[in-house]
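Coordinate analysis (summary)
Spelled out from the first residue to the last, the chains are:
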Protein chains: 2
Amino acid sequence: MKYDLYVVTSSELSRGRDTLEVVQAALAGGATIIQLREKHWPARKLVEVGREIRRLTLKAGAGFIVNDRLDVALALEADGVHIGQEDLPVDVARSLLGPGKILGVSVGSVEEAKEAIAQGADYLGVGSIFATTSKADAGPPVGVELIRQIKEKVNVPVVGIGGINLSNAAQVIEAGADGVAVISAVVSADDIESAARALLKVVQATKARLARPR
Amino acid sequence: MKYDLYVVTSSELSRGRDTLEVVQAALAGGATIIQLREKHWPARKLVEVGREIRRLTLKAGAGFIVNDRLDVALALEADGVHIGQEDLPVDVARSLLGPGKILGVSVGSVEEAKEAIAQGADYLGVGSIFATTSKADAGPPVGVELIRQIKEKVNVPVVGIGGINLSNAAQVIEAGADGVAVISAVVSADDIESAARALLKVVQATKARLARPR
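Conventions used here
Residues numbered from 1 in each chain as written. Chains lettered and ligands numbered in written order. Predicted model: local features only at pLDDT ≥ 70, side-chain atom pairs only at ≥ 80, totals over all residues. Heavy atoms only, no water. UniProt positions renumbered as here; feature names shortened; annotations may be inferred. Buried < 20%, exposed > 50% of the residue type's maximum accessible area, 1.4 Å probe, protein only. Helix = DSSP H or I, 4+ residues; strand = E, 2+ residues; numbered from the N terminus. Pairing = 2+ DSSP bridges. Right-handed = clockwise from strand over helix to strand, strands pointing away. Phe/Tyr/Trp six-rings, centres within 6.5 Å; stacked < 30°, edge-to-face > 60°. Lys NZ or Arg CZ within 6 Å of the ring centre and 35° of its normal. Axes fitted to C-alpha atoms, helices over the stretch in contact; angles between N-to-C directions. Left-handed = near helix turned anticlockwise from the far one by under 90°. Contact = heavy atoms within 4.5 Å. Nonpolar A, V, L, I, M, F, W, Y, C, P; charged D, E, K, R; others polar. Least-squares fit on C-alpha atoms with pLDDT ≥ 70 in both. Expected span 1.5 Å × (residues − 1). Bend = angle between axes of the 7 residues up to and from the residue. 1 Å grid on protein atoms, 1.4 Å probe; cavity = no way out; pocket = protein on both sides within 12 Å on 5 of 7 lines; lining within 4 Å. Points joined across faces, edges and corners; volume = space filled by probe spheres on them. Arc of directions from axis to C-beta.

The name given to chain A in an unreviewed UniProt entry is Thiamine-phosphate synthase, and the organism recorded there is Thermanaeromonas toyohensis ToBE. Its UniProt record gives chain A the following Pathway (unreviewed entry) comment, quoted word for word: "Cofactor biosynthesis; thiamine diphosphate biosynthesis; thiamine phosphate from 4-amino-2-methyl-5-diphosphomethylpyrimidine and 4-methyl-5-(2-phosphoethyl)-thiazole: step 1/1." Chain A has a UniProt comment under Function (unreviewed entry) that states "Condenses 4-methyl-5-(beta-hydroxyethyl)thiazole monophosphate (THZ-P) and 2-methyl-4-amino-5-hydroxymethyl pyrimidine pyrophosphate (HMP-PP) to form thiamine monophosphate (TMP)."

Okay, here's the thing in structure tokens:
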């Protein structure tokens with residue numbers, strides 16, 4: 001999986017636009033992973049819309065992750081599931097998911113990061129990096145420094161999440177993140193495709209700059 | 001599984017009493033199945049409390065069913081999962097659950113009942129039989145007649161649900177139900193254990209009466 005631009009859906013923040021329309025535009029702009037995260041949708045709707053997202057992401061060569069509902073992730077043959085600290089226990093999710101699927105875990109501290117990896121996480125969502133209004137339960141911002149600290153301790157892909165936009169995405173990558181996870185910076189944008197493209201460009205340009213011998 | 005007295009949890013309707021206290025009292029009164037149904041709980045809490053319910057139900061020789069969250073049901077090694085018309089599609093749930101677990105489906109018509117069985121349901125929750133305030137999404141009452149109609153068409157256990165209490169439980173069994181599913185009649189009762197015991201007695205007495213040659 002390429003973690004460069006990890007777009008998380010939110011129908012509430014999509015300004016009336018259909019989730020599939022949002023996903024399609026985000027993929028057109030180069031999103032490398034789509035996470036289906038709709039806390040208020042019943043499972044049947046998640047499955048119905050998720051089937052289309054699975055089709056679109058396969059076509060685009062992007063990853064597809066389902067938030068929280070591991071059963072829905074399995075039903076959709078998604079690439080994996082992403083869980084937070086209030087979702088399934090990490091070890092339980094790992095065991096239900098089997099070894100072939102990707103397990104992502106949201107963490108807000110080095111301790112949580114180490115614990116998540118010990119219990120079987122494949123990648124980490126670290127945040128909230130900056131202040132955000134997209135997630136009611138996001139907690140206070142932790143800053144990009146936490147990415148650096150976590151990357152020193154664990155050897156798995158890390159994406160920053162929370163308040164990331166065009167103006168601060170480079171800092172997240174500079175701190176060692178493998179990508180940026182965004183909700184409103186893409187799904188609330190006037191032009192979703194362009195917003196995704198611009199973010200991806202910043203991520204990739206920053207990675208290229210960091211990779212150059214100094 | 002014995003479907004005689006199928007008690008569905010609801011922390012909102014338990015008048016401040018702890019879910020485990022409610023479950024314990026319901027089991028002491030003879031509940032034959034406990035369904036963990038807490039729509040607003042995150043998965044981690046469902047798993048934590050569910051582990052205790054698994055322990056209590058095994059000790060009591062009662063069944064344990066998890067509402068909606070098939071992943072939680074698997075994690076808890078519950079006896080099965082119960083899904084409604086907005087939850088996972090029945091065929092999807094059947095396939096994720098495997099053949100060894102029980103799949104219950106809520107239906108509100110003969111058509112839904114036939115469809116659920118065709119897709120792999122093991123038992124049906126039919127309702128709302130009477131008017132209820134326990135489920136916001138319960139729909140208008142269908143009456144006991146629907147149980148009779150469904151029992152004529154399908155050969156699986158059926159429990160009536162919705163507005164069932166001590167005064168009308170006998171009608172539900174007389175219409176052909178294998179048991180009664182209740183929320184508030186047990187979890188909101190002053191004395192949960194006595195309420196469960198009284199309901200079970202009505203169900204079993206009615207079954208005994210119906211079984212007698214006339």
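Right, let's talk about the pairing of strand β4 (residues 80–83) of chain A for a bit. Residue and element names in this part refer to chain A. The alternating pattern of β4 places Gly80 and His82 on one face and Val81 and Ile83 on the opposite face, and all of these are buried. Summarising the sheet, strand β3 (residues 63–67) and β4 pair through three bridges and their orientation is parallel. Residue Ile65 lies in a different strand from β4, and its bridge partner there is Gly80. Crossover β3 to β4 through helix α3 (residues 70–75) is right-handed. Sheet topology places β4 next to strand β5 (residues 102–107); four bridges connect them, and they run parallel.

Here the structure, examined in full by the defined rule, presents four aromatic pairs over all chains. With 5.1 Å between their ring centres and 50° between their planes, Tyr3 of chain B and Tyr123 of chain B make a pair best called tilted. Taken together, the residues span a long stretch of sequence, with Tyr3 of chain B in the segment before β1 (5–8) and Tyr123 of chain B in strand β6 (residues 123–127) at a distance of 120 residues. You can call Tyr123 of chain B buried: its relative accessible area is 0%. Ring geometry for Tyr6 of chain B against Tyr123 of chain B: centres 5.9 Å apart, planes inclined by 55°, an arrangement best described as tilted. Placement of Tyr6 of chain B in strand β1 and of Tyr123 of chain B in strand β6 is noted, with a sequence separation of 117 residues between them. Cation over ring: Lys45 of chain A sits above Trp41 of chain A, and NZ or CZ is 4.4 Å from the ring centre.

Ser128 of chain A follows Gly127 of chain A through a cis peptide bond whose omega is -5°. When you line up the elements, Ser128 of chain A lands in the loop between β6 (123–127) and α6 (145–153). Positive phi, normally seen in glycine, also occurs at Arg15 of chain B, with a value near 55°.

Residue and element names in this part refer to chain B. Contact geometry for helix α5 (residues 110–118) and helix α6 (residues 145–153): axes closest at 9 Å, N-to-C directions at 35°. Relative to α6, α5 is oriented so that their crossing is right-handed. Mapping the contact onto sequence places Val110, Ala113 and Lys114 in α5 and Leu146, Gln149, Ile150 and Lys153 in α6. Class assignment for the residues of the contact of α5 with α6 results in four nonpolar, one polar and two charged.

So, on to the relation of the copies chain B and chain A. For the match of chain B to chain A, the screw axis carries a shift of 0.0 Å, the RMSD comes to 0.0 Å, and the turn is 180°. Accordingly, the operation relating the two chain copies is best matched by a two-fold axis. Residues of chain B ranked by C-alpha distance from the rotation axis are headed by Asp71 of chain B, positioned 2.5 Å from it. Mapped onto chain A, 100% of the interface residues of chain B are again interface residues, and the two copies thus contact each other with one and the same surface.

A few words now on helix α2 (residues 43–60) of chain B. For α2 of chain B, spanning 18 residues, the distance from its first C-alpha to its last is 25 Å, which sits close to the expected 26 Å at 1.5 Å a residue. A maximum bend of about 25° is found in α2 of chain B at Gly50 of chain B. Inspection of α2 of chain B places Ala43, Arg44, Leu46, Val47, Val49, Gly50, Ile53, Arg54, Leu56 and Thr57 of chain B among the buried residues, and these make up the whole buried set. Looking at the buried side of α2 of chain B, the elements it contacts are α4 (90–97) of chain A together with α1 (19–28), β2 (33–36), β3 (63–67) and α3 (70–76) of chain B. Downstream of α2 of chain B by a residue or two, Gly61 of chain B has a phi angle that is positive, lying close to 70°.

This part covers empty space enclosed by the protein. Sizing a probe to match a water molecule and rolling it over the atoms shows the empty space that remains. All names here are of chain A. With the rule as written, the count across this model stands at one cavity of 30 Å³ or more. Computed from the structure, the largest cavity encloses a volume of approximately 50 Å³. Lining the largest cavity, in full, are Tyr6, Val8, Gln35, His82, Ser106, Tyr123, Gly125, Lys135, Val159, Ile161 and Ala181. Secondary-structure elements contributing two or more residues to the lining of the largest cavity are β1 (5–8), β6 and β7 (158–161). Looking at the lining of the largest cavity residue by residue, the class counts come to six nonpolar, four polar and one charged.

The next point concerns the sheet that holds β3 of chain B. As summarised here, the arrangement of the eight strands in space is β1-β2-β3-β4-β5-β6-β7-β8 (chain B), forming a closed barrel in which the pairing is parallel. On average, adjacent strands in this sheet sit at an angle of 25° to one another, irrespective of strand direction.

We now examine α6 of chain A. Looking at α6 of chain A, one finds that the buried residues are Leu146, Ile147 and Ile150 of chain A. End-on, the buried residues of α6 of chain A take up no more than an arc of 100°, which puts them together on one face.

In regular strands, side chains alternate between the two faces of the sheet. Residues and elements named next belong to chain A. With six of six residues buried, β5 is to be regarded as a mostly interior element. Of the two faces of β5, both are covered, the one formed by Ile102, Gly104 and Ser106 as well as the one formed by Leu103, Val105 and Val107. In this fold, β4 hands off to α4, which returns the chain to β5; that crossover is right-handed. Judged from the four bridges that link them, β5 and β6 form a sheet pairing that is parallel. Looking across to β6, one finds that Gly104 is bridged to Tyr123. Read from β5 through helix α5 (residues 110–118) to β6, the crossover connection turns out right-handed.

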